[in-house]
Amino acid sequence: MDIQEKIRAQVSANPVVLYMKGTPQFPQCGFSGMAAQILKACGAEYVAVDVLTDPELREGIKIYANWPTIPQLYISGEFVGGADIMRELYESNELQEMLSQAA
Amino acid sequence: MPDSEQIKNLIAQALPCEFLEVRGEDGVHFEAVVVSAAFAGKNKVQQHQLVYRALGDRMKQEIHALSLRTFTPEAWAAINV
């Protein structure tokens with residue numbers, strides 16, 4: 001299985017996946033930390049994937065979503081956005097709505 | 001090192017902008033507000049992708065943290081009442 005298939009499997013198997021630098025407890029980048037904080041504020045259960053442990057994943061995820069930066073949030077297998085879009089969706093309550101419908 | 005002026009020019013060349021502002025003094029973290037009719041009918045991810053495409057390869061290497069806020073002219077007018 002190549003990296004793109006691995007990513008597809010991972011985002012399909014888990015309702016909510018956050019690809020980030022570091023972990024929710026120890027984020028290694030401000031934007032990744034913000035993304036984890038937002039999901040915490042939503043009380044969301046999610047799978048956090050530390051891309052720093054896997055260089056192939058760190059680059060592969062950017063190709064998968066056609067999105068050049070980390071963090072990346074996936075809900076029900078769909079790329080939702082990075083830190084900026086997560087914050088906007090959170091402020092408009094859309095993120096909470098999407099998370100509650102995650103499957 | 002890219003500065004906000006260079007980023008602004010790259011975006012302006014690629015997208016017809018009704019409003020375009022790029023701030024960022026530390027050479028790494030930038031904030032851009034982009035208002036363009038090209039965003040019409042596109043969701044936030046697609047809007048941001050248009051801006052990233054405008055920045056091209058420069059986006060991948062140098063600009064680690066560009067905070068983007070994108071609006072259609074209508075959305076921008078609505079919040080600037």
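Provided above is the structure to which this section pertains.
The structure contained in this document is the topic of the report that follows. (Residues numbered from 1 in each chain as written. Chains lettered and ligands numbered in written order. Predicted model: local features only at pLDDT ≥ 70, side-chain atom pairs only at ≥ 80, totals over all residues. Heavy atoms only, no water.)

Some points on the overall build of chain B
Put simply, the rule reads: Only runs of H or I of at least four residues qualify as helices and only runs of E of at least two qualify as strands under DSSP, and these elements are numbered from the N terminus. Partly exposed describes any residue whose relative accessible area lies between the buried limit of under 20% and the exposed limit of over 50%, with all areas from a 1.4 Å probe on protein chains only and scaled to the type maximum. Residues count as neighbours in contact if any of their non-hydrogen atoms are within 4.5 Å of one another. Exposure was quantified through the Shrake-Rupley algorithm and a 1.4 Å probe, taking into account, for residues, occlusion by the shown protein chains and nothing else.
Secondary structure summary: chain B contains four helices and three strands in total. When the helices and strands of chain B are listed from N to C terminus, the series reads α-β-β-α-α-β-α. Relative to its 81 residues, chain B shows a buried fraction of 43%. Contacts in chain B between residues far apart in sequence, at least 24 positions, make up 51% of those at least 6 positions apart. Counting only carbon and sulfur atoms, one obtains 50% of the accessible surface of chain B, whose full area is about 4400 Å².

A word on the overall build of chain A
This is how the line gets drawn: For a compact globule the rule gives 2.2 Å times the number of residues to the power 0.38, and the radius of gyration it is set against comes from C-alpha atoms.
Summing up its helical and strand segments, chain A has five helices and four strands in all. When the helices and strands of chain A are placed in sequence order, the string is α-β-α-β-α-β-β-α-α. Radius of gyration (C-alpha) of chain A: 12 Å, near the 13 Å computed for a compact globule of 103 residues. Along the first, second and third principal axes, the C-alpha set of chain A runs to 35 × 25 × 20 Å.

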